[in-house]
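Structural characterization, general
Each chain, written out:
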Amino acid sequence: MDARFLGITELTETPSVAVVIDVMRAFTVAAWAFAQGAEKIVLAESLDEALVLKARHPDWVALKDGPPAPGFDTVNSPGLLRSLDLTGRTVVQKTTAGTVGALAVREASLVLCAGFVVAEATARLLRARAGGSVTFVVTGEGGRADEDLACAEYIARRTTEDRTDAAEFLRRAGESRAAAELTQGVRRGAHPDDVALCLELDRFPFAMPATLEDSLMVLRPIREPLPSLGEELR
C-alpha cells in the first residue's frame, strides 16, 4: 500500500481512497454515536446547514464543537455522548476539522472516517481492498496534529503488518496539543474522560465509510468488510 499523509489544505486532487482522521474528537464521537444506536451520521458543511437539517427533521440529533448552543442537542464530546440513547436516530455533526476533512474528499471512491477507537476495523477494510494508494487526511492543526498523524501512521502500519505495537502511537496522541487543551479545559464542551475515551484502541468493531446520499455526506458503520466492499461503495 502506498500511503500519503496530507492536511486538508494540501489536498490538490481527489484521492481514490481517503482515510480521514480526527481523534480528538469528531470521529471518536461518531463511533460512540453508532455504539449508542445511531443509524447514520450526516456531516454538515456549516452550523447553519446543521440547523436547517435539524429544523427539517426535528427528531434528528444535532451536535457541534464547543459549548452548548441553541438549536443543537449536544456537543462534540464522547464523554457526554455516551450517556445518550440514540437508537435508530440520525445524528447531524458539524466540527471544526473532522467533518471538513471528510467533505473535502467526498468525491473519492472510498472515504473512511477514523480514530483509534476503530483503527483495526479500518485497517481490516483497507486490507480487503488489496493494496493501492491511500491518502490519510490529517485534519487537526492544518495537518500537523500529532494525535491525528500518529493514528494515521498506526492504521497505515496495521494495514501492511501483522503485528504493530500501538504504545508509541498512543503515547504521541496522549502528549499532543489537543490532549493537553482538553485536559486543561481550554476547549469548551468537553468531559473529563474525553482524552481517555479518544485513546481507547479498537474499542469498536466497525469501520465508518462515508458516502454521498442525496447530496449529503453520510456515515454508516460497517462491521464485516468483504473483499468486494470497496467496489460496493463506489
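Each chain carries its own residue numbering, running from 1 in the written order of its sequence. Since the coordinates come from a predicted model, pLDDT governs what is reported: local features require at least 70, and pairs of side-chain atoms require 80 or more to be given and counted, while whole-chain, interface and lining totals use all residues. The basis for every side-chain value is the complete set of heavy atoms in the structure, and neither hydrogens nor water enter the calculation.

A few words now on the packing of aromatic side chains. Within 6.5 Å between ring centres, the rings of Phe, Tyr and Trp (the latter by its six-membered ring) count as paired, and their orientation is classed by plane angle as stacked under 30 degrees, edge-to-face over 60, tilted in between. Under the defined criterion, the tally for this structure stands at six aromatic pairs. Relative to F204, the ring of W32 lies with its centre 5.2 Å away and its plane at 90°, an arrangement referred to as edge-to-face. A residue pair is termed long-range when its members are at least 10 positions apart, and W32 in helix α1 (residues 26–35) and F204 in the loop between α9 (194–198) and β9 (208–213) qualify at 172 residues. Burial here depends on accessible area, computed with a 1.4 Å probe over protein chains only, as a share of the maximum for the residue type. Under 20% is buried, over 50% is exposed, and the range in between is partly exposed. Owing to a relative accessible area of 8%, F204 belongs among the buried residues under this scheme. Measuring from centroid to centroid gives 5.6 Å for F204 and F206, while their planes differ by 15°, and the two rings are stacked. By the ring-pair criterion, three or more aromatic residues cluster together here, those being W32, F34, F204 and F206. Helical segments are the DSSP runs of H or I of at least four residues, strand segments are the runs of E of at least two, and each set is numbered from the N terminus.

Attention now moves to the side chain of D22. The topology assignment puts D22 in the loop between β2 (17–21) and α1. By the counting scheme adopted, Arg and Lys are positive, Glu and Asp are negative, and His together with the chain ends is not counted. When a carboxyl oxygen of Asp or Glu lies within 4 Å of a side-chain nitrogen of Lys or Arg, that pair is called a salt bridge. Buried charge D22 goes without a salt bridge, the closest partner of opposite sign being R187 at 6.6 Å. A polar contact of 3.4 Å, which involves the side chain of D22, links it to the backbone nitrogen of A26. Any pair of residues with heavy atoms lying within 4.5 Å of one another is described as a contacting pair. Discounting chain neighbours no more than four positions away, the residues touching D22 are F27, T28, T95, A97, G98, A114, T139 and D148. Throughout this description, a polar contact denotes any pair of N or O atoms lying within 3.5 Å of each other; where both atoms belong to protein, one of them has to be capable of donating a hydrogen while the other can accept it, and for residues adjacent in sequence the pair is counted only when both atoms sit in side chains.

In this section: the confidence of the model for the protein. In the predicted model, the protein carries a mean pLDDT of 94, and 94% of its residues have values of at least 70. Low pLDDT (under 50) marks residues 225–234, which in the prediction has 14 contacts with non-local residues, meaning those over four places away or in another chain. Confidence scores labelled pLDDT are given residue by residue by the predictor and lie between 0 and 100.

The next point concerns the nonpolar core. What we call a nonpolar core is a set of buried Ala, Val, Leu, Ile, Met, Phe, Trp, Tyr and Cys residues that are connected through their side-chain atoms within 4.5 Å. Judged by nonpolar contacts, the single largest core of 70 residues is most densely connected at F27, F116, I155, M208 and L219. A total of eight residues in this core trace back to one element, the largest contributor, which is α1. With residues near it in sequence (within four places) discarded, M208 still touches F27, A30, A31, F34, V111, L112, C113, V118, L219 and R220. Grouped together as the second largest cluster of nonpolar side chains are 10 residues, A44, L53, A62 and V218 included.

What follows is about the packing of helix α6 (residues 146–160) against helix α7 (residues 167–174). Between α6 and α7, whose axes approach to 7 Å, the crossing angle comes to 165°. Taken together, the axis directions place α6 and α7 in an arrangement best described as roughly antiparallel. For α6 against α7, the interelement crossing comes out left-handed. Residues D146, E147, L149, A150, E153, Y154 and R157 of α6 lie in contact with α7, whose contacting residues are F169, R172 and A173. Grouping the amino acids of the contact of α6 with α7 by side-chain chemistry returns five nonpolar, no polar and five charged. Axes, fitted as lines to C-alpha atoms, cover a helix only where it is in contact. Angles between the N-to-C directions of the axes lie from 0 to 180 degrees. Roughly parallel refers to an angle under 35 degrees, roughly antiparallel to one over 145, roughly perpendicular to one between 65 and 115, and oblique to any angle outside these ranges. Each crossing is labelled by how the near helix is turned from the far one, with a counterclockwise turn of less than a right angle marking it left-handed and a clockwise turn marking it right-handed. Note on residue categories: nonpolar means Ala, Val, Leu, Ile, Met, Phe, Trp, Tyr, Cys or Pro, charged means Asp, Glu, Lys or Arg, and polar means any other residue, Gly included.

What follows covers the pattern of salt bridges. Proximity of charged atoms lets side chains of opposite charge pair with each other. Enumeration over the complete set of coordinates arrives at 15 salt bridges. Salt-bridge contacts for E213 lead to R220; the nearest nitrogen and oxygen are separated by 3.0 Å. A relative accessible area of 24% means that E213 is categorised as partly exposed. Residue class for R220 comes out partly exposed when judged on its relative accessible area of 29%. Three or more residues joined by partner-sharing salt bridges are found here, namely E39, E213 and R220.

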